[in-house]
Each structure stands twice: as structure tokens, then as C-alpha cells.
Amino acid sequence: SFFGLSYIFLRFPLFRNSKSHRFREVEFVAHRGSKSEGFPENTLAAFAEGISAGADCIELDVWCTEDGVVHVFHDEHFDRMCGGSDGKLHATHSKSLPKIVPPPEQNSNFVSHDPRHHQIPTFEDVLKDLPDHVHLVVEFKTMKGDVITKVYDLLKRYQRTNGGTAWFSLDLEINTSLRKHAIHMPSLSSVKEMLYVYLLYYTGLLPFVSLRGLDIFGFPGDRVDYQRVKNNLKGFPDIICQTLATIAGGEPAPFFLCAPLIAHLKNRGIPVQVLGVNSKEALHAVKNVGASTVLTDRPRWLGTLREGKGKGGLGLKFC
């Protein structure tokens, strides 16, 4: 029967991703360097903290300024991270960027007179600082300012296109453009691609679909609710967003915690990264289903739980 064949090929995959990249070695990704432990996110200070805590990899976000310089910043607007400053990064000249004034959860270790804490860094500054052994995940929020080409050129200049850097966007259109720009660069799944994989899995079709272009699969380990679904699926009818939030809601959401799916993807050569693992409960849950990698806002916390690398899974112990 169809479901019998589906079960067999779920365990013994027909397809395998053979793209050469080093993300199969990564277990621990520091989200924006350090986002929830008193350091201003996406700064040189935050990245140094994440690396010091033991992260294999840092994740960051890129935008181009009005004059075409690639900077590292998460939001389109300055207000959240720059003390209520007006304006947008992509509409501001690089020499006119405001200083960072972090929100309360990011200021306990903030050093206001230190440029590594208060300056919005250029992407090149980050690449100059990044140790060779630390991997990099670059997230794109837009394609404005030819940012894809400029980021790739910088990665190439600093010899970061050899499999140790992944790039992606939660937006499918941007993800498609990234793959077209440099097919050899590994990419993570967008939101729509993630949902597509789950649809294939729950209907039994996944073993028969090649998933070409999907190099690293990601799903959320933190809270999923209606507002998050709505924000990530702009343009979708409200009834679909409400239904998805009902089916896939929670923290972490049981809908996403599918050990057979994760084993299948890993057997196909696709590492599985869980985004937003910030509690011991979430960490236990994702370890129990066999995830390859966790991305955390709390690298110092996660670093204290780490047992070792390269042991074929999350080498983590629990206090």
C-alpha cells in the first residue's frame, strides 16, 4: 500500500542531499550573538560573548544603508534598539546611524562608552573579528540595496564561502534569490518551506519528494501563537493563520517535535536546527527527538550545559 511504502522509505530514504558543507558539525548557534543575557544583540560585544560561551556558530541579520554599506541589525526601524530613535537603517547614511541604547533585557552588561557595545557594526567588521573555527548564519530581511551581492562579495573576500557559512531568509522569495545567486552556499528553510515539509510528512508524501535546494531544515522551539503565524505568513487569509496557530501552537509546539521526520531528514544529509531554544524544557524536548543543532538567545546558559562536541548529536548534559 502507499502508506506501507511511505513508512519504508521514511526509514530508508530514496533521496540524499550531497552538497558539501560543514553545518553537519554544528550543534550550538548563538542567536544575534547574545540576545537575552544582558548584551546588546547583533553587536561585536554580543558576538564575542556568544563565542566565549562556547557557540560553534553565530547568527546575525544584514541590511544595506542608504549609501550601500552592509550593516548588522535585526529590525527595519531603529526605535527598539536605539532608545526610540526614528528612522530606518536602509534609508539612513552609514555615517548617520544612531548609537545603540538597548532595551532593559539587554543592558545589564552594556558598556555605554565602548564602541563594541554601542555601534551598529558593519558586516565587514564582524567578518574581521570572527575566528576561523566559528561558523556563520546570515539572515536576510530584504533584498534592497543589492544586499545579497554585497554580502556574498564580502564572504568571498574573507574566505567564508567554503561551507562554513549558511544564509537564508524566512521569506521564500528571498530564499529563492539566495539559492540562485550561489547554488553552492547552504541555506536554511523559509517558513513556507518548513510548513511544506511538514505537510509532506503528515500526508505520507515526504519520502517521494526530493527537497532539492533544502540544505538545513529549521523549526521553532520557542512559542508559536497566532500573532507569530500572522507575522510570518503575510497575505494569508486570517482563517488559515488561525487554523495553523491552533494546530501548531505551543512552546515548544508538539506539532513540530516529530522524531521520525527528524531522523529521515538527517538520513538524507539534511541537518535539523531548532530555533529559539531558551529553556531546559525546550532543550530536553528537542534533544529527545534527535535534533542536530539548537539556536539560542542564551549562549552563556547553554554553554554551561554543554558536555562536548562531535558526538553524533547534541552533546549536552543537564544540571
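To keep things clear, this report deals only with the structure shown in the data block. (Residues numbered from 1 in each chain as written. Predicted model: local features only at pLDDT ≥ 70, side-chain atom pairs only at ≥ 80, totals over all residues. Heavy atoms only, no water.)

## Topic: the overall build of the chain
The secondary structure content of the chain amounts to twelve helices and eight strands. In terms of overall size, the chain behaves like a compact globule, its C-alpha atoms giving a radius of gyration of 19 Å where 319 residues would be expected to give roughly 20 Å. Along the first, second and third principal axes, the C-alpha set of the chain runs to 65 × 45 × 40 Å. Burial status across the chain gives 52% buried among its 319 residues. Positive and negative side-chain charges of the chain, numbering 37 and 34 respectively, have mean locations separated by a distance of 6 Å. (Helix = DSSP H or I, 4+ residues; strand = E, 2+ residues; numbered from the N terminus. Rg over C-alpha atoms; globule rule 2.2 N^0.38 Å. Buried < 20%, exposed > 50% of the residue type's maximum accessible area, 1.4 Å probe, protein only. Lys, Arg positive; Asp, Glu negative; His and termini not counted. Charge placed at Lys NZ, Arg CZ, Asp CG, Glu CD.)

## A closer look at the pairing of strand E5 (residues 165-168)
Here E5 shows no split at all, with Thr 165 and Trp 167 on one side and Ala 166 and Phe 168 on the other all buried. Judged from the four bridges that link them, strand E4 (residues 135-140) and E5 form a sheet pairing that is parallel. Across the sheet, Val 138 pairs through a bridge with Trp 167, a residue of E5. Viewed along the sheet, the connection from E4 through helix H5 (residues 147-157) into E5 turns out right-handed. (Pairing = 2+ DSSP bridges. Right-handed = clockwise from strand over helix to strand, strands pointing away.)

## Quick notes on a nonpolar patch on the surface
Among the surface-exposed residues, Phe 2, Phe 3, Leu 5, Tyr 7, Ile 8, Phe 12, Leu 14, Phe 15, Leu 205 and Phe 208 lie close enough to one another that they form a single nonpolar patch of about 980 Å² accessible area. On the secondary structure map, Phe 12 appears in the loop between helix H1 (2-11) and strand E1 (28-31). (Patch = residues over 30% accessible without salt bridge, like charges linked within 9 Å, V, L, I, M, F, W, Y side chains within 5 Å. Areas by Shrake-Rupley, 256 points an atom, 1.4 Å probe, with all protein chains shown as cover. Salt bridge = Lys/Arg side-chain N within 4 Å of Asp/Glu carboxyl O.)

## Examining helix H2 (residues 44-52)
Here H2 has its buried residues at Leu 44, Ala 45, Ala 46, Phe 47, Glu 49 and Gly 50. Just downstream of H2, Gly 54 is the residue with a positive phi angle, here 110 degrees.

## Some words on the pairing of E1
Neither face of E1 is exposed, since Phe 28 and Ala 30 on one face and Val 29 and His 31 on the opposite face are all buried. Where E1 lies against strand E8 (residues 293-296), three bridges are found, and the strand directions are parallel. Within the sheet, the bridge partner assigned to Val 29 lies in E8 and is Leu 295. Here three bridges tie E1 to strand E2 (residues 57-64), and the two strands are oriented parallel to one another. Of the residues in E2, the one forming a bridge with Ala 30 is Ile 58. In this fold, E1 hands off to H2, which returns the chain to E2; that crossover is right-handed.

## Quick notes on the pattern of salt bridges
Evaluated as defined, the whole model comprises 14 salt bridges. Between Arg 300 and Glu 49 there is a salt bridge; the shortest N-O distance is 3.0 Å. Of this pair, Arg 300 sits in helix H12 (residues 299-305) while Glu 49 sits in helix H2, and the two are 251 residues apart along the sequence. Judged by its relative accessible area of 34%, Arg 300 falls in the partly exposed class. The partner of Asp 129 in a salt bridge is Arg 116, with the nearest N and O atoms 3.0 Å apart. Of this pair, Asp 129 sits in helix H4 (residues 123-129) while Arg 116 sits in helix H3 (residues 115-118); the two residues are 13 residues apart in sequence, bridging distant segments of the chain. Each member of the salt-bridge network shares a partner with another, and the members are Arg 32, Glu 41, Asp 75 and Arg 80.

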